[in-house]
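Residue-level structure breakdown
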Amino acid sequence: MNFSDDDELRAHFDALRRHDRDRAPDFRAMLDRARSTNSPARRRAFSLIWIAAAAVMVLAVGIAVRETRQHGAGRYDGSTGSFGGGDTVSISNWKSPTASLLHTSGSDVLASSKILSSVLDGASRAAVQH
Amino acid sequence: MERSELERELEALHVDCWGWALACCARDSELAEDALQTAYLRVLSGRAKFDGRSSVRTWIFGVIRMTAIEEGRRHRSWIARTAGADSTMDVADPSPAADATTESSEQRSMLISALAAVSPRQREVLQLVFYHGMTIEEAARVMSVSVGSARTHYERGKKTLARMLAELRVR
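Within each chain, residue numbers correspond to sequence positions counted from 1 in written order. The naming scheme follows written order: chains are lettered A onward, ligands numbered 1 onward. Where totals are concerned, whole chains, interfaces and linings use all residues; where local detail is concerned, this predicted model gives features only for residues with pLDDT of at least 70, and gives and counts side-chain atom pairs only at 80 or more.

Focus: the overall build of chain B
Stated formally: For helices the rule is a DSSP run of H or I covering at least 4 residues; for strands it is a run of E covering at least 2, with both sets numbered from the N terminus onward. Here a residue counts as buried when 20 or more other C-beta atoms fall within 10 Å of its C-beta, as exposed when 12 or fewer do, and as partly exposed in between; the C-beta atoms come from the backbone. Contact between residues is assigned whenever the C-beta positions, reconstructed from backbone atoms, fall within 7 Å.
Counting its regular elements, chain B contains seven helices and zero strands. Secondary structure of chain B in N-to-C order comes out as α-α-α-α-α-α-α. Here chain B holds 171 residues, and the buried ones make up 36% of them. Long-range pairs, those at least 24 residues apart, make up 65% of the contacts in chain B between residues at least 6 apart in sequence.

Some points on the overall build of chain A
Helix and strand content of chain A: six helices and two strands. For chain A, the N- to C-terminal ordering of α and β elements is α-α-α-β-β-α-α-α. Counting every position in chain A, which comprises 130 residues, the buried fraction comes to 6%.

Quick look at the packing of helix α5 (residues 120–131) of chain B against helix α6 (residues 136–143) of chain B
Residues and elements named next belong to chain B. Put simply, the test is: To obtain each axis, a line is fitted to C-alpha atoms, and for helices this fit is confined to the stretch in contact; angles are then taken between N-to-C directions over 0 to 180 degrees. Angular relationships are summarised with four words: roughly parallel below 35 degrees, roughly antiparallel beyond 145, roughly perpendicular across 65 to 115, and oblique for the angles in between. Handedness of a crossing is defined here by the sense of rotation of the near helix relative to the far one, left-handed for an anticlockwise turn of less than a right angle and right-handed for a clockwise turn. Residue type decides the class: Asp, Glu, Lys and Arg count as charged, Ala, Val, Leu, Ile, Met, Phe, Trp, Tyr, Cys and Pro as nonpolar, and the leftover types, Gly among them, as polar.
In contact at an axis separation of 9 Å, α5 and α6 are set at 130° when each is read in the N-to-C sense. Here α5 lies oblique to α6, going by the angle between them. Every pair of crossing elements has a handedness; the one defined by α5 and α6 is right-handed. Residues E124, V125, L128 and V129 of α5 touch α6, and the partners they reach there are I136, A139, V142 and M143. Of the residues contributing to the contact of α5 with α6, the split by class is seven nonpolar, no polar and one charged.

Concerning the interface of chain B and chain A
Contacts between the two partners involve 23 residues from chain B, matched on the other side by 22 residues from chain A. Elements supplying a minimum of two residues to the side of chain B that touches chain A: α1 (3–24), α2 (29–45), α4 (103–115), α5 and α7 (147–170) of chain B. With six residues, α1(B) is the single largest residue contributor to the side of chain B that touches chain A. Broken down by class, the residue content of the side of chain B that touches chain A amounts to 13 nonpolar, five polar and five charged.

Overview of the packing of α5(B) against α7(B)
Residues and elements named next belong to chain B. It is the contact of α5 with α7, at a shortest axis distance of 8 Å, that shows an interaxial angle of 90°. On the basis of their axis angle, the class for α5 and α7 is roughly perpendicular. Packed against α5, whose contacting residues are R121, Q122, R123, V125, L126 and V129, the element α7 presents A150, H153, Y154, R156, G157, K158, T160 and L161 at the interface.

A closer look at the confidence of the model for chain A
Interpreting fine coordinate detail is not advised for predicted regions of low pLDDT. Short version of the rule: Values of pLDDT, ranging from 0 to 100, describe the predictor's confidence in every residue of the model.
Averaged over every residue, the pLDDT of chain A is 74; residues scoring 70 or more account for 55%. Per-element confidence in chain A ranges from a low mean pLDDT of 56 for strand β2 (residues 82–83) of chain A to a high of 87 for helix α1 (residues 3–22) of chain A.

Remarks on the nonpolar core
How we decide: In this description, a nonpolar core means buried residues of the types Ala, Val, Leu, Ile, Met, Phe, Trp, Tyr and Cys, linked to one another by C-beta atoms lying within 7 Å.
Among the nonpolar cores identified, the biggest contains 45 residues, and A21(B), A35(B), L36(B) and I64(B) are the most heavily contacted of them. The set of elements that each furnish at least two residues to this core consists of α1 of chain A together with α1, α2, α3 (56–83), α4, α5, α6 and α7 of chain B. If one sorts the elements of this core by residue count, α1(B) sits on top with eight residues. Setting aside residues no more than four positions away along its own chain, A21(B) makes contact with A32(B), A35(B), L36(B), I64(B) and A68(B).

Topic: unusual backbone geometry
One non-glycine residue, A26(B), lies in the positive phi region at around 55°. The residue A26(B) is located in the loop between α1 and α2 in this model.

Some points on the environment of A116(B)
If you trace the backbone, A116(B) turns up in the loop between α4 and α5. Linking A116(B) and L161(B), residues 45 residues apart in sequence, is a C-alpha distance of 9.1 Å.

Listed below in structure tokens is the structure:
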């Protein structure tokens, strides 16, 4: 590589520079276009989209929290020994939801008969007192 | 540096910046315009800050280079998404212009074809030195490489370019 090669390269690049210079876009027009594409209105629209997205997120979280609380209302609280929220259910009154299915037409026959009062009841009571 | 001062600097360097943006965007004028526009906005909005460690021109050229790389990447991924085509940053083929018969346009066409044969780094350093008249030290700062590395790219690139131009002249 010598000076003549450098000069030749420079001549080629000079030709390219002249060509580019003639086709350079106008500085002011380019700057105005850049500003309009990044204008406050555009930025405002962009931030509005973000605000709307944030509002939707807050709403979704709120609904989820509410649903969770509603489901947790009847849950047993170990510390107080009671059920959170809803009515207190006594274990002796509890009835299985499928209890009615066990009640068949023959269940009366199978049930133990009631003890009838007898004339011997009085005699046996007097014997016990003596 | 004040915004108005920056704007004046940009206006003074605009033609030079345009040439550099074209080189960074594989001579795609549409992409170069987008990259230059974005780079100017970065400079004027303060997103790119001048620290005074180099000349304003070197700094702005660095901003343009980085912006062009990002724009090019976005452009390529957009092309890949829309067309599924494999796009590369090869130097654009110079189409014969109306003034194709003139010596100047012939020189230009030959140079663009020859530049396609050198690596992107070599192309950058040659453009900065021969087109923009920078020193190798300044070119290294724009390219964010060491001076030694820039010098190696310069020497190798110059040899390849001279060989390619000689070959094109013979044809």
